[in-house]
Amino acid sequence: MAAMMMDGRALAERIRAEVAEEVQALGGIGLATVLVGDDPASDIYIRRKHEAAEAAGFRTEDLRLPAEISQEELLDRVAALNADHAIDALLVQLPLPDQIDEDEIIRAVDPGKDVDGFHPLNAGELLLGRPGLVPATARGVMALLAEYRIELDGARAVVVGRSEIVGKPVAQLLEQANATVTVCHSHTRDLARQTLDAEVLVVAAGRAEIVSPDMVAVGAVVIDVGINRTAAGLVGDVDPGVAEIAAFMTPVPGGVGPMTIACLLENAVACARRRER
Ligand code: NAP
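Residues numbered from 1 in each chain as written. Predicted model: local features only at pLDDT ≥ 70, side-chain atom pairs only at ≥ 80, totals over all residues. Heavy atoms only, no water.

(A) Geometry of the sheet that holds strand E1 (residues 4–5). Pairing within the open sheet is parallel, and its six strands lie in the order E1-E11-E8-E7-E5-E6. Strands at the two margins of the open sheet, each flanked by one partner only, are E1 and strand E6 (180–184). Here E1 runs beside strand E11 (residues 248–249); their pairing, made up of two bridges, is parallel. Note that in E11 the partner of Met 5 across the bridge is Met 249. (Pairing = 2+ DSSP bridges. Helix = DSSP H or I, 4+ residues; strand = E, 2+ residues; numbered from the N terminus.)

Next up, the structure:
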């Protein structure tokens, strides 16, 4: 039997409508983004974030800076946005050019305005089980699991990928939902042995169709975070043939992707609410 496809577009649309109501209730929210250089993929991501934010009624600031900017000047720009009372939420689009110390820039963002949830203070709160501003993709994964009432308590969950923006926070949230979590990465021996054990499998490796149908247990829930541009077009980290094995699965596109932007807007609401207090 074919898996039920988990509709990230529909859920994201509902979240965005709720965010728009919150923006009204709060009397407006200011979101600033900083894009350094002219990487085409980053430009698309920033444009999508602005379109979604503006549709939800945010005030937005789209700061574009030259690729050759110095560390000091970028730090000054971030400090100015931190100090700007009209800005509730702030993100610096990654990756940054080679001359920039990315880590220092992430640390420079006011943790209360850190809509991406990348600041070590927010990452630490998540690790300690007090999630506040959590990276949007990880929130999106959990929201999809909740929407389809996937039982996580006691479930065997496997996360493929341990990046700071996806794999690590997803693993933390699954563990906090009382799943028993295994994290796999590029050094994992015999990946299939791990993935076959998963009742809930989240794949965020950035490797086109790395998970094939023979690596998935019958009836598993499979969340595909991957977005890979190939000659054949946009594909996930999971072979679409897995839909014949799994009970639930996210499509690519239309699964986790739309959830990331919706959850980013939710994080911006959380930033604004925290500042109100
Ligand atoms: P990343 O920083 O490149 O991390 C990839 C992770 O996968 C690393 O932990 C790496 O292990 C692991 N990995 C790589 N090859 C592997 C293999 N053969 N077997 C097992 N693990 C392997 O990527 P990311 O930022 O987490 O993104 C992952 C994917 O999600 C990408 O396709 C990205 O485009 C996509 N993404 C989608 C959204 C969305 O909104 N849908 C948002 C963010 C990212 P090591 O740690 O050992 O290197």
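(B) Region of interest: the pattern of salt bridges. Evaluation of the coordinates by the stated rule reveals ten salt bridges. Between Arg 59 and Asp 88 there is a salt bridge whose closest N-O contact spans 3.8 Å. Remark: Asp 88 occurs in the loop between helix H3 (71–83) and strand E4 (89–92) and Arg 59 occurs in strand E3 (residues 59–65); sequence separation between them is 29 residues. (Salt bridge = Lys/Arg side-chain N within 4 Å of Asp/Glu carboxyl O.)

(C) Expanded view of the sheet that holds E3. In space, the three strands of this open sheet follow the order E3-E2-E4, with parallel pairing throughout. At either margin of the open sheet sits one strand with a lone partner, and together these are E3 and E4. Direction aside, the axes of adjacent strands within the sheet are offset by 15 degrees on average. Bridging between strand E2 (residues 30–36) and E3 involves seven bridges; their strand directions are parallel. (Axes fitted to C-alpha atoms, helices over the stretch in contact; angles between N-to-C directions.)

(D) The arrangement of the site of the ligand in detail. Every one of the 22 residues lining the ligand counts as a neighbour, but Arg 162, Ser 163, Ser 186, Ile 227 and Thr 260 are closest to it. Within the side chain of Arg 162, an N or O atom sits 2.7 Å from an oxygen atom of the ligand. The contact in question runs from a nitrogen atom of the ligand to an N or O atom on the side chain of Arg 207, over 3.4 Å. Burial of the ligand by the surrounding chains reaches 72%, relative to a free accessible area of 920 Å². If one sorts the elements of the shell around the ligand by residue count, helix H9 (residues 256–276) sits on top with three residues. (Near = heavy atom within 4 Å. Polar contact = N/O pair within 3.5 Å; in protein donor to acceptor, adjacent residues only side chain to side chain. Areas by Shrake-Rupley, 256 points an atom, 1.4 Å probe, with all protein chains shown as cover.)

(E) A nonpolar patch on the surface, seen in detail. Together, Tyr 45, Ile 227 and Leu 234 give the surface a local cluster of nonpolar side chains, amounting to about 240 Å² of exposed area. The class for Tyr 45 is partly exposed, based on a relative accessible area of 31%. (Patch = residues over 30% accessible without salt bridge, like charges linked within 9 Å, V, L, I, M, F, W, Y side chains within 5 Å. Buried < 20%, exposed > 50% of the residue type's maximum accessible area, 1.4 Å probe, protein only.)

(F) Expanded view of helix H6 (residues 136–147). Counted at 1.5 Å a residue, the expected span for H6 with its twelve residues is 16 Å, and the 16 Å between its end C-alpha atoms agrees. Buried residues in H6 make contact with helix H1 (8–26), helix H7 (167–176), strand E7 (200–203), strand E8 (221–224) and H9. Just beyond H6, the residue with positive phi is Arg 149, at close to 50 degrees. (Expected span 1.5 Å × (residues − 1). Contact = heavy atoms within 4.5 Å.)

(G) Examining the pairing of strand E5 (residues 156–160) more closely. With four of its five residues buried, E5 lies for the most part within the structure. Bridge count between E5 and E6: five bridges; the pairing is parallel. Following the sheet pairing, Arg 156 is matched in E6 by Thr 180. In the sheet, E5 pairs with E7 via four bridges, with the strands oriented parallel. Within E7, the position partnered with Val 160 by the bridge is Val 203.

(H) Examining unusual backbone geometry more closely. Of the consecutive residues Leu 94 and Pro 95, the connecting peptide bond is found in the cis state with omega at 0 degrees. Relative to the helices and strands, Pro 95 resides in the loop between E4 and helix H4 (102–108). The backbone of Arg 149 sits at a positive phi, close to 50 degrees, despite the residue not being glycine. Along the polypeptide, Arg 149 turns up in the loop between H6 and E5.

(I) Seen up close, the state of the cysteines. All told, the structure shown has zero disulfides when counted by the stated rule. Unpaired in terms of disulfides, Cys 263 finds its nearest cysteine sulfur in Cys 271, a separation of 13 Å. On the basis of relative accessible area, Cys 263 is assigned to the buried category, the value being 0%. Overall, Cys 271 belongs to the buried group, its relative accessible area being 0%. (Disulfide = S-S within 2.5 Å.)

(J) Inspection of the pairing of E7 at higher detail. Neither face of E7 is open: one carries Val 200 and Val 202, the other Leu 201 and Val 203, and all of them are buried. By the bridge criterion, four bridges tie E7 to E8 in an arrangement that is parallel. Bridging across to E8, Leu 201 finds its partner in Val 222.

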